[in-house]
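# Secondary and tertiary structure notes
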Amino acid sequence: MNRGISGQTTPQMLIRFRPDVIALHPSVVVILAGTNDIALNTGPETLSEIEGNLQSMAELAQTSGIRVVLASVTPVCDYIHLQTNRRPPAQIIALNQWIKTFCAKHSFHYLDYYSAMLDEHGALKPTLTYDGLHPNDAGYEVMGPLAQAAITEVLAQK
């Protein structure tokens, strides 16, 4: 089930994590977060604070017997609307590197949407978005199978 709320940031997600994830007793949680934090949707926030919130959600899930998939933040592009001014690609790359390293260190699954959606210019492929930020149907056609593969892989682990 999808418990995502458009525009939310990791502190907001962390507050909802117990009632919206843990209380539902899923086998796996897929966490996709960070782009709205980078855009400062709820005010100033450092990468370290974003990382701490992601870490807290992952640890809460793990402690509750829920397997964890942490997804990379997707790229953005300026082809349709200006997006990189609020979501600098360097910050997205830095956060994704931290997520990948964190997953490897703690045996969580890293779901790499970023690489699958990147064009030859280092931006979100324009065919995968309607505004340079949010995926369109074609974007979800890329993301869906990747998420399903990650869930299947995590569930197959003992």
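In what follows, the structure referred to is the one given above.
Residues numbered from 1 in each chain as written. Predicted model: local features only at pLDDT ≥ 70, side-chain atom pairs only at ≥ 80, totals over all residues. Heavy atoms only, no water.

This part covers helix α4 (residues 89–106). Taking 1.5 Å of rise per residue, the 18 residues of α4 would be expected to cover 26 Å, and the 26 Å separating its terminal C-alpha atoms lies within 8% of that figure. What α4 keeps buried is the set I92, L95, N96, I99, F102 and C103. Mapping the buried residues of α4 onto a view down its axis gives an arc of 125°, with all of them on the same face. Those residues of α4 that are exposed and aimed more than 90 degrees away from the buried face are A90, A104 and K105. Residues of α4 that are buried in the fold lie against α2 (35–38), α3 (47–63), β2 (67–71), β3 (109–111) and α5 (113–117). (Helix = DSSP H or I, 4+ residues; strand = E, 2+ residues; numbered from the N terminus. Expected span 1.5 Å × (residues − 1). Buried < 20%, exposed > 50% of the residue type's maximum accessible area, 1.4 Å probe, protein only. Arc of directions from axis to C-beta. Contact = heavy atoms within 4.5 Å.)

Here the focus is the layout of surface pockets. The calculated volume of the largest pocket comes to roughly 1,300 Å³. Around the largest pocket sit 39 residues that line it, and N2, R3, G4, V30 and L32 are the ones nearest its centre. Where the lining of the largest pocket is concerned, the elements lending two or more residues are α1 (10–20), β1 (28–31), α2 and α6 (137–156). Broken down by element, the lining of the largest pocket gets its largest block of residues, five residues, from α6. Split by residue class, the lining of the largest pocket holds 22 nonpolar, 12 polar and five charged. As for the second largest pocket, its lining consists of Q62, I66, R67, V68, H106, S107, F108, H109, V154, Q157 and K158. Its residues assigned to classes, the lining of the second largest pocket shows four nonpolar, five polar and two charged. (1 Å grid on protein atoms, 1.4 Å probe; cavity = no way out; pocket = protein on both sides within 12 Å on 5 of 7 lines; lining within 4 Å. Points joined across faces, edges and corners; volume = space filled by probe spheres on them. Nonpolar A, V, L, I, M, F, W, Y, C, P; charged D, E, K, R; others polar.)

What follows covers the environment of L47. On the secondary structure map, L47 appears in helix α3. For L47, a relative accessible area of 24% corresponds to the partly exposed category. Sequence separation between L47 and I22 is 25 residues, and the spatial gap between their C-alpha atoms is 25 Å. If we skip the residues at most four places from it in the chain, L47 touches I38, Q91, A94 and L95.

Looking at the secondary structure, you find I31 in strand β1. Residues I31 and T10, spaced 21 residues apart in sequence, show a C-alpha to C-alpha distance of 9.9 Å. Once you skip the residues sitting within four places of it in the chain, I31 turns out to touch M13, F17, L54, M57, A58, V69, L70 and A71.

All right, on to the pattern of salt bridges then. One pass over the structure, following the stated rule, counts two salt bridges. One salt bridge connects R3 with D20, and the closest N-O pair in it is separated by 3.2 Å. In this pair, R3 sits in the segment before α1 while D20 sits in helix α1, placing the two residues 17 residues apart along the sequence. R16 serves as the salt-bridge partner of D20, at 2.5 Å between the closest nitrogen and oxygen. Linking D20 with R16, this pair stays in helix α1, spanning four residues, or about one helical turn. In terms of burial, D20 and R16 fall into one category: buried. Where salt bridges share partners, they join R3, R16 and D20 into one cluster. (Salt bridge = Lys/Arg side-chain N within 4 Å of Asp/Glu carboxyl O.)

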